[in-house]
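# Understanding the architecture of this molecule
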Amino acid sequence: MGQVPVIDLNADLGERYESWRPGDDEALLDVVTTAHIACGFHSGDPSVMTQTVLAAAQRGVAIGAHPSYPDREGFGRRPMDRTPAQVRGDVLYQVGALDAITRAAGVRIRSVKPHGALYNRMAVDPDCARAIADATSDLDPDLWLVVPAGSAAAEVVRELGHKVAEEGFCDRGYAPDGTLMPRGNAGAVISDPTVVGTRAVRLATDHEIEASDGTTLPLVPTTLCLHGDTPGAVALARIVRGALEAAGLAVEAFAAR
């Protein structure tokens, strides 16, 4: 008998301030297997971080950190001229803060996934990828680092000896070079449930996705991402998980394997 294929489903959560409002985040935690939690630089604060950690822990959802550039005004989506040393410090500071909160809650961080412009830079800038990997290992060498599937960052981080989870996106459009399309472009954010579900299964089973110009990109993801701020995110998450399971995949956290 063949081994059942496995895929992780993750969401970026805790992206608000001052009060954790039960709603979409809580509903998403009932569906996803990994939650990457904002650490305060682009969004989130100690109260929201704590409540999101507790809600994830109650559901047995693996917890990851979601650090970014120090850019609250731009929600971490604006490029910034930060040196690799500054990036390393930024990431260590943010992940360390979430690590303290998780320890107080009796759980641990399992992974680190940069946010927004920092994530996009890591995909194409080896020095940035190394800086993030160094910060991650400084805190805990056993942490996974989540990088864009098929990106140069994946090879850079592996060469450094780190655990790597390659990520594919069900609800974002891809440019022909394998990078994510800028959010302002038509087709950059995909919210049609049927399309998102189909893309998820194709990524997980066929290891490919269609780019904006119609070409096929080969990607082998460890985890699939659904953004918590995509319109109808909860419904999309339920459809994606249902489609993956209907296709014969086991949906479970990569850090638990």
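You'll find the structure just up there.
Heads up: these notes are all about the structure in this document. (Residues numbered from 1 in each chain as written. Predicted model: local features only at pLDDT ≥ 70, side-chain atom pairs only at ≥ 80, totals over all residues. Heavy atoms only, no water.)

What follows concerns the overall build of the chain. In terms of helices and strands, the chain carries eight helices and 10 strands. Computed over its C-alpha atoms, the radius of gyration of the chain comes to 17 Å, within 12% of the 18 Å expected for a compact globule of 257 residues. Taking the principal axes of its C-alpha atoms as reference, the chain extends roughly 40 × 40 × 35 Å. Within the chain, the proportion of its 257 residues that are buried is 54%. Surface summary for the chain: the accessible area is close to 10,700 Å², and the carbon and sulfur share equals 51%. Measuring between centres, the 23 positive side-chain charges of the chain sit 3 Å from its 34 negative side-chain charges. (Helix = DSSP H or I, 4+ residues; strand = E, 2+ residues; numbered from the N terminus. Rg over C-alpha atoms; globule rule 2.2 N^0.38 Å. Buried < 20%, exposed > 50% of the residue type's maximum accessible area, 1.4 Å probe, protein only. Areas by Shrake-Rupley, 256 points an atom, 1.4 Å probe, with all protein chains shown as cover. Lys, Arg positive; Asp, Glu negative; His and termini not counted. Charge placed at Lys NZ, Arg CZ, Asp CG, Glu CD.)

The next thing to look at is the packing of helix 3 (residues 84-104) against helix 5 (residues 126-139). As a packed pair, helix 3 and helix 5 sit with axes 8 Å apart at the nearest point and diverge in direction by 35 degrees. Viewed along their axes, helix 3 and helix 5 form a crossing whose handedness is right-handed. On helix 5, the residues that touch Pro84, Val87, Arg88, Val91, Leu92, Val95, Gly96 and Asp99 of helix 3 are Asp127, Cys128, Ala131, Ile132, Asp134, Ala135, Asp138 and Leu139. (Axes fitted to C-alpha atoms, helices over the stretch in contact; angles between N-to-C directions. Left-handed = near helix turned anticlockwise from the far one by under 90°. Contact = heavy atoms within 4.5 Å.)

Among the seven residues that make up strand 6 (residues 163-169), six are buried, leaving the element largely enclosed by the rest of the structure. Note: strand 5 (residues 144-148) against strand 6, five bridges, orientation parallel. Paired with Pro148 across the bridge in strand 6 is Glu167. The parallel pair strand 5 and strand 6, bridged by helix 6 (residues 152-159), forms a crossover whose chirality is right-handed. (Pairing = 2+ DSSP bridges. Right-handed = clockwise from strand over helix to strand, strands pointing away.)

Each pocket or cavity is described by its volume, and for the largest pocket that value is around 560 Å³. Elements with a minimum of two residues in the lining of the largest pocket: helix 4 (116-124), strand 6 and strand 8 (216-218). Element by element, the count of residues in the lining of the largest pocket is highest for helix 4, at six residues. For the lining of the largest pocket, the class distribution of residues is 15 nonpolar, nine polar and nine charged. (1 Å grid on protein atoms, 1.4 Å probe; cavity = no way out; pocket = protein on both sides within 12 Å on 5 of 7 lines; lining within 4 Å. Points joined across faces, edges and corners; volume = space filled by probe spheres on them. Nonpolar A, V, L, I, M, F, W, Y, C, P; charged D, E, K, R; others polar.)

Bear in mind that shape data such as this cannot, by itself, settle questions of function.
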